[in-house]
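Given next are the chains, with one letter for each unit.
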Amino acid sequence: MNDVTIASSEAEVHAGEAVERHHSELAGALARQVEALSAAAAARRWQAADTARLGLVEWCRTELVPHALAEERTLYAEAARREDLRLLVEAMVAEHEVIVGLVDTLATTTDAPRAAELARALSVLFGAHLAKENEQVLPILMAAPDVSVAQLLAGMHELIGEEAHSHPGPKAPADENNHACACGDADGPVLELDSSAIPHAVRHGAIFGALDALRPGSCLVLTASHDPLPLLAQLEQRVPGRFSVEYVAQGPDVWRLAFKPTDQPR
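Residues numbered from 1 in each chain as written. Predicted model: local features only at pLDDT ≥ 70, side-chain atom pairs only at ≥ 80, totals over all residues. Heavy atoms only, no water.

Here we look at the overall build of the protein
The cut-off we apply is this: Helix and strand assignments follow DSSP, with helices taken as H or I runs no shorter than four residues and strands as E runs no shorter than two, numbered in order from the N terminus. Relative accessibility decides the category of a residue: with a 1.4 Å probe and only protein chains considered, values under 20% of the type maximum give buried, values over 50% give exposed, and everything between is partly exposed. Note on definitions: a residue-residue contact is assigned when non-hydrogen atoms from the two residues lie within 4.5 Å. Here the accessible surface of atoms and residues is derived via Shrake-Rupley with a 1.4 Å probe, and residues count as covered only by protein chains that are part of the display.
Per the secondary structure count, the protein includes 9 helices and 4 strands. Going from N to C terminus, the protein has its helices and strands arranged as α-α-α-α-α-α-α-β-α-β-α-β-β. Buried positions account for 48% of the 266 residues belonging to the protein. Within the protein, contacts between residues at least 6 apart in sequence are counted, and of these 73% link residues at least 24 apart. Of the roughly 12600 Å² of accessible surface on the protein, a fraction of 53% belongs to carbon and sulfur atoms.

Below is the structure:
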């Protein structure tokens, strides 16, 4: 939650943080799957690309779309009553329709490069959509004395993701053809994530969401166009000692870092 956000109560602060945390988890899961599909399509591994496409469609229909519909029934319904948010909410509901349309098109597209383009478009749109909700809709509702975001979200697992850590969603398959890093001792899957493919507004949150889904023995390799020192500082502040980090490549144009969960509890 933005440090300058004014909330009407401590409960509102916790509710807003829960929504943003779940947004990060969704963005991270989406980014992993889009990256897996894009990498497979670029390498002309058609069967792997189709598997990634079908997995992405299933995840969208069981996680992403229910989240969008739950937003419309709760946060958006309340926000639409306010003159200062009504037009924005109408635009965001229209974005939900575009998101559903992209998912439906992905479900019927068998051409891997086309599927990768659709997946990247979905990621960009979803990132911009989350930024508007996090930075405009939530702060206004949280500050309103006549609105209780905490009550609106009571029991809404689709919005706050209370079960996210016990059911973290599908993991992207390791890229066996291109992967080369210090994760050779990883027992579980090795995930690849290109930060440039994630919309800037939700980039750090999406990476944190992807890292949260890692389990002991697995590894995430992050590619960036610069040394992600601010990200590393935020990560250490957020979950001290939770991950070991090793530089695989250090610029000048490409930086690659391997993240592995430690045995320390969250």
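Quick notes on the side chain of Ser 195
Tracing the chain through its elements places Ser 195 in the loop between strand E1 (190–194) and helix H8 (203–212). Excluding anything up to four places from it in sequence, Ser 195 contacts Arg 203, Ile 207, Leu 222, Thr 223 and Ala 224.

As for the pattern of salt bridges
What counts, and what does not: Should a side-chain nitrogen of Lys or Arg be within 4 Å of a carboxyl oxygen of Asp or Glu, the pair is scored as a salt bridge.
Inspection of the entire model under this criterion finds 10 salt bridges. Notably, a salt bridge pairs Arg 81 with Glu 78, separated by 3.0 Å at the nearest N-O pair. Ionic contacts of the salt-bridge type, sharing partners, join the residues Arg 82, Asp 84 and Asp 146 into one network.

A look at the side chain of Glu 95
Among the secondary structure elements, Glu 95 is positioned in helix H4 (residues 86–108). Taking relative accessible area as the criterion, Glu 95 reaches 14% and is therefore assigned buried. The residues touching Glu 95, leaving out its near neighbours within four places in the chain, are Leu 125, His 129 and Lys 132.

Let's talk about the packing of helix H1 (residues 10–42) against helix H2 (residues 46–73)
Let me state the cut-off plainly: Only the stretch in contact is used when fitting a helix axis, every axis being a line fitted to C-alpha atoms; angles between N-to-C directions are given from 0 to 180 degrees. If an angle is under 35 degrees, it is roughly parallel; if it is over 145, roughly antiparallel; if it lies from 65 to 115, roughly perpendicular; otherwise it is oblique. What makes a crossing left-handed is the near helix being turned counterclockwise from the far one by less than a right angle; a clockwise turn instead makes it right-handed. Residue classes follow a fixed rule: Ala, Val, Leu, Ile, Met, Phe, Trp, Tyr, Cys and Pro count as nonpolar, while Asp, Glu, Lys and Arg count as charged, and any other residue, Gly among them, counts as polar.
The contact between H1 and H2 brings their axes to 9 Å, and the two run at 160°. As far as their axial angle goes, H2 and H1 are roughly antiparallel. Along this stretch, H1 crosses H2, giving a crossing that reads as left-handed. Residues His 22, His 23, Leu 26, Ala 29, Leu 30, Gln 33, Val 34, Ala 36, Leu 37, Ala 40 and Ala 41 of H1 form the contact with H2, whose participating residues are Trp 46, Ala 48, Ala 49, Ala 52, Arg 53, Gly 55, Leu 56, Trp 59, Glu 63, His 67 and Glu 71. Residues of the contact of H1 with H2, tallied by class, amount to 14 nonpolar, 5 polar and 3 charged.

Concerning the environment of Ala 121
Mapping Ala 121 onto the fold places it in helix H5 (residues 112–143). C-alpha of Ala 121 to C-alpha of Ile 99: the two residues are 22 residues apart in sequence and 9.2 Å apart in space.

Some words on the pairing of strand E4 (residues 255–261)
Test applied: Pairing between two strands requires that DSSP report at least two bridges joining them.
For E4, a buried count of 7 out of 7 residues is recorded, marking the element as mostly surrounded by other parts of the structure. Neither face of E4 is exposed, since Trp 255, Leu 257, Phe 259 and Pro 261 on one face and Arg 256, Ala 258 and Lys 260 on the opposite face are all buried. When strand E2 (residues 219–224) meets E4, the two strands line up antiparallel, connected through 5 bridges. Bridged to Val 221 within E4 is Ala 258. Two elements, strand E3 (residues 243–250) and E4, share 7 bridges in a ladder whose sense is antiparallel. Looking across to E4, one finds that Glu 246 is bridged to Ala 258. Hairpin connection of E3 to E4: 4 residues between the antiparallel strands, including Gly 251 at a positive phi of 65°.

With respect to the confidence of the model for the protein
Filter applied, for reference: A residue's pLDDT is the confidence the predictor assigns to it, expressed on a 0 to 100 scale.
When the pLDDT values of the protein are averaged, the result is 81; 82% of them are 70 or greater. Ranking the elements of the protein by mean pLDDT puts helix H7 (residues 157–160) last, at 57, and H4 first, at 94. Per-residue pLDDT stays below 50 along residues 163–181; that stretch engages in 35 contacts with residues further than four places along the chain or on separate chains.

A few points about the sheet that holds E2
Taking strand neighbours across the sheet as the criterion, the 4 strands line up as E1-E2-E4-E3 in an open arrangement whose pairing is mixed. The strands lining the two open edges of the sheet, one partner per strand, are E1 and E3. Averaged over all adjacent pairs, the angle separating strand axes in this sheet is 20°, with direction ignored. Against the sheet, H8 contacts E1, E2, E3 and E4, and its axis sits at roughly 160° relative to E2.

A few points about the environment of Glu 63
Structurally, Glu 63 can be placed in helix H2. Put simply, Glu 63 and Ala 29 are 34 residues apart on the chain and 9.9 Å apart in space, counted from C-alpha to C-alpha.

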